[in-house]
Amino acid sequence: MKLVPYSEEFKEINHAWRLENASALYNPHKQMSVEELNQHNLQGGSDLTRFREFDRIRLFALVDGEPVGNCSLRNINLQMLTAELGYLIGEKHYGKGLGTQMVSLFLQQVFEKSLLRRIEAVINVNNRSSVRLVEKLGFVREGLLREHYLLNGAPADNYLYSLLKGEFTPVD
């Protein structure tokens, strides 16, 4: 697996992933056209050493040259050196361990290349796969965010997880 910066060649697949059932079911994605999402991704950063210059960072995961998902940081707090983790795997790649591998590799790069000291993950309480993924990577559940997101107009509860730089151990 290799992590690479966003490229316009990923715009169609990235848009399609956002519309897939699990992604739409658990995440409050803003509705965007392919081009709007492309512009959004082009405005973000991909160089973790320059995390202070962007409001979000996104890298895409390739396996044998094929995009399988992406990882991102958003809500980057430069004063506290924290950020929120986001990730997305195409449904056809579910159940292969690629999500865990991708997020582990991403976090390894985050902690090696940036000064960030704490990464948070906000996960829908019904998203068991995502909960398992972050727990495998050592994230600690800190609490319940009641009615934190609106999904299709309905309030949804989320768990708050965090991982500290000193607690992280990469997994294969």
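Residues numbered from 1 in each chain as written. Predicted model: local features only at pLDDT ≥ 70, side-chain atom pairs only at ≥ 80, totals over all residues. Heavy atoms only, no water.

### Quick notes on the layout of surface pockets
Then, number 1: Its boundaries defined by the atoms lining it, the largest pocket holds a volume of some 1,200 Å³.
Then, number 2: Its residues assigned to classes, the lining of the largest pocket shows 15 nonpolar, 20 polar and 10 charged.
Then, number 3: Quantified by volume, the second largest pocket comes out at close to 220 Å³.
Then, number 4: Lining the second largest pocket we find 14 residues, and of these Ala 24, Asn 27, Pro 28, His 29 and Gln 31 sit closest to its centre. (1 Å grid on protein atoms, 1.4 Å probe; cavity = no way out; pocket = protein on both sides within 12 Å on 5 of 7 lines; lining within 4 Å. Points joined across faces, edges and corners; volume = space filled by probe spheres on them. Nonpolar A, V, L, I, M, F, W, Y, C, P; charged D, E, K, R; others polar.)

### Structural notes on helix α1 (residues 11–19)
Then, number 1: Looking only at α1, the buried set comprises Asn 14, His 15, Trp 17 and Arg 18. Around the axis of α1, the buried residues are gathered within 155 degrees of arc, so they sit on the same side. Opposite the buried face of α1, at more than 90 degrees from it, the exposed residues are Glu 12 and Leu 19.
Then, number 2: Turning to α1, the residues buried within the fold contact α2 (21–26), α3 (34–43), β2 (56–63), β3 (66–77) and β4 (82–89). (Buried < 20%, exposed > 50% of the residue type's maximum accessible area, 1.4 Å probe, protein only. Helix = DSSP H or I, 4+ residues; strand = E, 2+ residues; numbered from the N terminus. Arc of directions from axis to C-beta. Contact = heavy atoms within 4.5 Å.)

### Quick notes on the pairing of strand β7 (residues 154–164)
A regular strand places its side chains on the two faces of the sheet in alternate fashion.
Then, number 1: Summarising the sheet, strand β5 (residues 118–124) and β7 pair through seven bridges and their orientation is antiparallel. Bridge assignment links Ala 121 to a residue of β7, and that residue is Tyr 161.
Then, number 2: Pairing analysis gives eight bridges linking strand β6 (residues 140–151) to β7, with the strands arranged antiparallel. By the bridge assignment, Gly 143 is partnered in β7 with Leu 160.
Then, number 3: Counting the residues in the hairpin turn of β6 and β7 gives two residues, including Asn 152, whose phi is positive at 55 degrees. (Pairing = 2+ DSSP bridges.)

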